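One-letter residues, chain by chain:
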Amino acid sequence: DAKTTQPNSMESNEEEPVHLPCNHSTISGTDYIHWYRQLPSQGPEYVIHGLTSNVNNRMASLAIAEDRKSSTLILHRATLRDAAVYYCIPRGSGTYKYIFGTGTRLKVLA
Amino acid sequence: GAGVSQSPSNKVTEKGKDVELRCDPISGHTALYWYRQSLGQGLEFLIYFQGNSAPDKSGLPSDRFSAERTGGSVSTLTIQRTQQEDSAVYLCASSPSYGGRQPQHFGDGTRLSIL
């Protein structure tokens, strides 16, 4: 399983973009990169995932480095509701379980 | 549509009692997963079901823990003779099938407190 490194915490001002980095230098070629977030007292919420190409959805964008050893989750305009712990999780195509790290705690300032 | 539903949302019980935690997955999802989140331990995988069978039970902490799934839908996680270290949030997730491409959809968990 690929190990991940994320900052313990980050801060952002409301309505500004946020770039959440993740290093996964031991990722294998078939691992998808999944991002989840967890708000207080809730279960993890799926945000986005990708394999090689950058991905966009209504919640966020995922930028994947060309060598796939790192990725960045981009929240285009942070809101107070985006304050959560964000997890980056590489997962193989034949793998069923997630191995969660410690994630990045995002604080959004009004 | 309806998401993953877990019940009860909170459970307080005395040490030594048995508890049952229930998970209703998203309709049509064949894969179901149980995880546990303890203070200071993070999220850890417990067990995975594909249909009614559990190919991987390796994450269950001890033989006091068991889980079953019936009709390819509802799952129950049972903890016998509860101990204080079992206090945690127990999370259930489901996905249409298993595999790295499939995101899992989580419920909000059952917060279990052992007195």
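Bear in mind the structure is a predicted one, so any value in this text is a computation, not a measurement.

A.B. asks: Whenever I open this one, the overall build of chain B confuses me. Can you help?
C.D. replies: Of the regular secondary structure elements, chain B holds 0 helices and 11 strands. From first element to last, N terminus to C terminus, chain B shows the α and β order β-β-β-β-β-β-β-β-β-β-β. Relative to the 2.2 N^0.38 estimate, which gives 13 Å for 115 residues, the radius of gyration of chain B is 13 Å and therefore close to what a compact globule would have. With respect to the three principal axes, the spread of C-alpha positions in chain B is 40 × 30 × 30 Å. Out of the 115 residues belonging to chain B, those deemed buried represent 48%. Accessible area for chain B stands at about 5500 Å²; split by element, carbon and sulfur atoms hold 43% of it. Side-chain charges of chain B comprise 11 positive and 11 negative groups, with the mean position of each set lying 1 Å from the other.

A.B. asks: Which parts of the structure should I look at to understand the state of the cysteines?
C.D. replies: Where two cysteines share a covalent bond between their sulfur atoms, that bond is called a disulfide. All names here are of chain A. Counting across every chain of the model gives 2 disulfides over all chains. The partner cysteine of cysteine 22 in its disulfide is cysteine 88, sulfur to sulfur 2.1 Å. With the S-S bond torsion at -75 degrees, the cross-link from cysteine 22 to cysteine 88 turns out left-handed. Residue cysteine 22 is located in strand S2 (residues 18–23), and its partner cysteine 88 is located in strand S8 (residues 84–91); the two are separated by 66 residues in the primary sequence. Judged by relative accessible area, cysteine 88 falls into the buried class, the value being 1%.

A.B. asks: Mind showing me how you'd approach the interface of chain B and chain A here?
C.D. replies: Buried accessible area, meaning the area lost when the parts come together, often serves as the stated size of an interface. Contact residues are listed per partner, giving 19 residues for chain B and 19 residues for chain A. Taken together, the two surfaces of chain B and chain A that pack against each other cover about 1700 Å², and 54% of this comes from carbon and sulfur. There are 0 salt bridges connecting chain B and chain A. If you look at where chain B meets chain A, you find 10 residue pairs in polar contact (both at pLDDT 80 or more).

A.B. asks: Would you mind showing me how to read the sheet that holds S8(A) here?
C.D. replies: Note on sheets: strands pair through backbone hydrogen bonds, and any given pair is parallel or antiparallel. Residues and elements named next belong to chain A. With mixed pairing, 5 strands are arranged side by side in an open sheet as S1-S9-S8-S3-S4. Single-partner strands in this sheet number two, and they are strand S1 (9–13) and strand S4 (45–50). Looking at each pair of strands side by side, their axes are set apart by 25 degrees on average, direction ignored. The pairing of S1 with strand S9 (residues 104–109) spans 5 bridges and is parallel. Within the sheet, the bridge partner assigned to asparagine 13 lies in S9 and is leucine 109.

A.B. asks: Would you mind showing me how to read the environment of A:Gly50 here?
C.D. replies: Mapped onto the fold, A:Gly50 is located in strand S4. Judged by its relative accessible area of 5%, A:Gly50 is buried.

Parameters and conventions
Residues numbered from 1 in each chain as written. Chains lettered and ligands numbered in written order. Predicted model: local features only at pLDDT ≥ 70, side-chain atom pairs only at ≥ 80, totals over all residues. Heavy atoms only, no water. Helix = DSSP H or I, 4+ residues; strand = E, 2+ residues; numbered from the N terminus. Rg over C-alpha atoms; globule rule 2.2 N^0.38 Å. Buried < 20%, exposed > 50% of the residue type's maximum accessible area, 1.4 Å probe, protein only. Areas by Shrake-Rupley, 256 points an atom, 1.4 Å probe, with all protein chains shown as cover. Lys, Arg positive; Asp, Glu negative; His and termini not counted. Charge placed at Lys NZ, Arg CZ, Asp CG, Glu CD. Disulfide = S-S within 2.5 Å. Contact = heavy atoms within 4.5 Å. Buried area = accessible area lost by both parts, 1.4 Å probe. Salt bridge = Lys/Arg side-chain N within 4 Å of Asp/Glu carboxyl O. Polar contact = N/O pair within 3.5 Å; in protein donor to acceptor, adjacent residues only side chain to side chain. Pairing = 2+ DSSP bridges. Axes fitted to C-alpha atoms, helices over the stretch in contact; angles between N-to-C directions.

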